[in-house]
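# Tertiary structure, described
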Amino acid sequence: KQEVTQIPAALSVPEGENLVLNCSFTDSAIYNLQWFRQDPGKGLTSLLLIQSSQREQTSGRLNASLDKSSGRSTLYIAASQPGDSATYLCAVRPLNTDKLIFGTGTRLQVFP
Amino acid sequence: DVKVTQSSRYLVKRTGEKVFLECVQDMDHENMFWYRQDPGLGLRLIYFSYDVKMKEKGDIPEGYSVSREKKERFSLILESASTNQTSMYLCASSPGRVGQPQHFGDGTRLSIL
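Attention in this report is confined to the structure presented alongside it. Everything numeric in this text was worked out from a predicted model, so none of it was measured. (Residues numbered from 1 in each chain as written. Chains lettered and ligands numbered in written order. Predicted model: local features only at pLDDT ≥ 70, side-chain atom pairs only at ≥ 80, totals over all residues. Heavy atoms only, no water.)

## Quick notes on the sheet that holds strand S1 (residues 4-6) of chain B
All names here are of chain B. Judged by pairing direction, the sheet is antiparallel, and its four strands sit side by side in the order S1-S3-S8-S7 without closing on themselves. Every other strand in the sheet has two partners, leaving S1 and strand S7 (64-70) as the edge strands with one partner each. Pairs of neighbouring strands in the sheet enclose a mean axial angle of 20°, with direction left out of account. (Pairing = 2+ DSSP bridges. Helix = DSSP H or I, 4+ residues; strand = E, 2+ residues; numbered from the N terminus. Axes fitted to C-alpha atoms, helices over the stretch in contact; angles between N-to-C directions.)

Structural data, given as structure tokens:
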């Protein structure tokens with residue numbers, strides 16, 4: 001059974017730092033991996049989607065990498081800002097399904 | 001931009017009531033999903049649908065049913081609400097083409113008293 005783990009569960013950093021959020025999954029038979037952002041009391045906003053054949057995706061200050069064989073993905077946030085404070089979730093899509101399996105998220109706080 | 005709209009942001013109901021949560025998407029997506037989100041448990045899939053009148057059970061379907069009479073609308077039904085169904089409910093949609101991202105609504109925070 002696919003399990004997705006995110007470490008750390010919470011992170012507090014000063015503004016300007018570069019930081020890395022980690023996501024690991026137990027079964028490498030995935031179609032893709034998606035990173036989301038969730039603000040308190042809100043829904044999920046899709047940040048990046050990496051297909052299994054890709055190694056990384058970039059959007060602005062965000063860069064996500066995927067190492068499918070080792071079951072790992074990282075989300076790199078450059079020059080963090082207070083507006084980046086949110087919970088970040090990763091989710092994998094197993095093969096032959098449209099279902100997503102979510103991690104429990106990393107709660108990020110960036111203070112001025 | 002894709003718009004997924006959930007009819008209520010907050011809802012309070014009583015034990016035993018029949019509760020309807022509505023979700024509408026405006027991008028002609030084939031796939032629609034209902035999740036619940038609980039602290040420490042993350043998002044868990046309740047039901048999903050690949051097409052009109054089609055539905056598939058997710059990981060935690062007990063106590064729920066769904067209806068998809070039109071492509072743009074996917075309803076989650078709590079047949080007889082119980083306090084353990086107090087949660088945040090999130091609806092999502094995605095195109096039928098393989099590998100496309102899921103897009104989420106803002107969620108409905110449901111409290112069962």
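Still more to cover.
## Some words on the interface of chain B and chain A
Across the contact, 23 residues belong to chain B and 20 residues belong to chain A. Carbon and sulfur atoms supply 54% of the area buried between chain B and chain A, which totals about 1700 Å² over both sides. Taken together, the links from chain B to chain A amount to one salt bridge. A salt bridge links B:Asp59 to A:Lys99; the shortest N-O distance between them is 3.7 Å. Summed over the shared surface of chain B and chain A, the number is four residue pairs in polar contact (both at pLDDT 80 or more). Where the side of chain B that touches chain A is concerned, the elements lending two or more residues are strand S4 (31-38), strand S5 (42-49) and strand S9 (87-94) of chain B. (Contact = heavy atoms within 4.5 Å. Buried area = accessible area lost by both parts, 1.4 Å probe. Salt bridge = Lys/Arg side-chain N within 4 Å of Asp/Glu carboxyl O. Polar contact = N/O pair within 3.5 Å; in protein donor to acceptor, adjacent residues only side chain to side chain.)

## Overview of the sheet that holds strand S6 (residues 56-59) of chain A
All names here are of chain A. With respect to topology, five strands assemble into an open sheet ordered S1-S3-S8-S7-S6, the strand pairing being antiparallel. With partners counted over all chains shown, the strands left at the sheet margins are strand S1 (4-7) and S6, one partner each. Mean inter-strand twist for the sheet, computed between neighbouring axes without regard to direction, equals 15°. The pairing of strand S3 (residues 19-25) with strand S8 (residues 72-77) spans six bridges and is antiparallel. Pairing of Asn22 across the sheet is with Thr74, part of S8.

Geometric descriptors of this kind do not, in isolation, establish any biological role.
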